[in-house]
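If you want the building blocks of each chain, they are given just below.
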Amino acid sequence: MSKTNDNKQFLLDQRYLAMARIWAQNSYCTRRQVGALLVKDKMIISDGYNGTPSGFENECEDCNNMTKPYVLHAEANAITKVARSNNSSDGSTLYITASPCIECSKLIIQAGIKRVVFAEKYHNTEGLDLLERAGIEVVHIENELIKVEDGLILGNHQ
């Protein structure tokens, strides 16, 4: 890939991550809001944010402020949503505001996602290690570098 194409891809990556951060604001979780976009051929084919399954109360934490065990991660929501559509995630890119856990990484591999771009690196890197072992391209773009038009910088607001 040429330098110009690398720069265009980096700008696209920044913009999609900024959009994922905005999408994360739909989450009712108070401890951490995470957003994900699934993009194929420069089209958003699915989206997700962390939260409870459809039909459940919109409360992610219990009375001790611990995440309830049935809360879905943003990337799991995006992957299962595309599975219910006419789209295919095969060969797509997942943009996510936080690096995936090992369980979500297994879903990413099985969904045929070829590239994962994330902003915040979670302290446990087992998920990232598994993705790299599977040959999936993993790109880390620091939160402070996520940029949108007119020079507005979106930093870490979690």
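Located above this text is the structure these notes cover.
Scoring rules and cut-offs
- Residues numbered from 1 in each chain as written.
- Predicted model: local features only at pLDDT ≥ 70, side-chain atom pairs only at ≥ 80, totals over all residues.
- Heavy atoms only, no water.
- Helix = DSSP H or I, 4+ residues; strand = E, 2+ residues; numbered from the N terminus.
- Buried < 20%, exposed > 50% of the residue type's maximum accessible area, 1.4 Å probe, protein only.
- Contact = heavy atoms within 4.5 Å.
- Areas by Shrake-Rupley, 256 points an atom, 1.4 Å probe, with all protein chains shown as cover.
- Core = buried A, V, L, I, M, F, W, Y, C linked by side-chain atoms within 4.5 Å.

Undergrad: So what about the overall build of the protein? Which residues, and what values?
TA: If you tally the helices and strands in the protein, you get four helices and five strands. Beginning at the N terminus, the succession of helices and strands in the protein can be written as α-β-β-α-β-α-β-α-β. For the protein, the residues scored as buried account for 42% of the 158 residues in total. Look at the contacts in the protein between residues 6 or more apart in sequence, and 52% of them connect residues 24 or more apart. For the protein, the exposed area adds up to about 9,200 Å²; of that, 50% sits on carbon and sulfur atoms.

Undergrad: Got a sec to walk through helix 2 (residues 74–83)? Specific residues and values, please.
TA: The periodicity of an α-helix, 3.6 residues per turn, causes residues three or four places apart in sequence to face the same way. For helix 2, the buried fraction is high: seven of the 10 residues fall into the buried class. Buried residues of helix 2: Ala74, Glu75, Ala76, Asn77, Ala78, Ile79 and Val82, and no others.

Undergrad: So what about the nonpolar core? Which residues, and what values?
TA: Grouped together as the largest cluster of nonpolar side chains are 19 residues, with contacts concentrated most on Ala36, Leu38, Leu94, Ile96, Ile108, Ile113 and Val116. For this core, the secondary-structure elements that each account for two or more residues are strand 1 (35–40), helix 2, strand 3 (93–98), strand 4 (115–120) and helix 4 (126–133). The greatest single-element share of this core, amounting to four residues, is contributed by helix 2. Among all residues touching Ala36, those that are not within four sequence positions of it are Ala20, Trp23, Ser46, Asp47, Gly48, Ala74, Glu75, Ala78, Leu94, Tyr95 and Ile96.

Undergrad: Got a sec to walk through unusual backbone geometry? Specific residues and values, please.
TA: Residues other than glycine seldom take positive phi values, yet Lys42 does so here, at roughly 60 degrees. Within the secondary structure layout, Lys42 lies in the loop between strand 1 and strand 2 (43–49). Classification of Lys42 by relative accessible area gives exposed; the value is 64%. Its identity is not glycine, yet Asn65 carries a phi of approximately 65 degrees, on the positive side. Structurally, Asn65 is set in the loop between strand 2 and helix 2. Residue classification places Asn65 among the partly exposed positions, given a relative accessible area of 42%.

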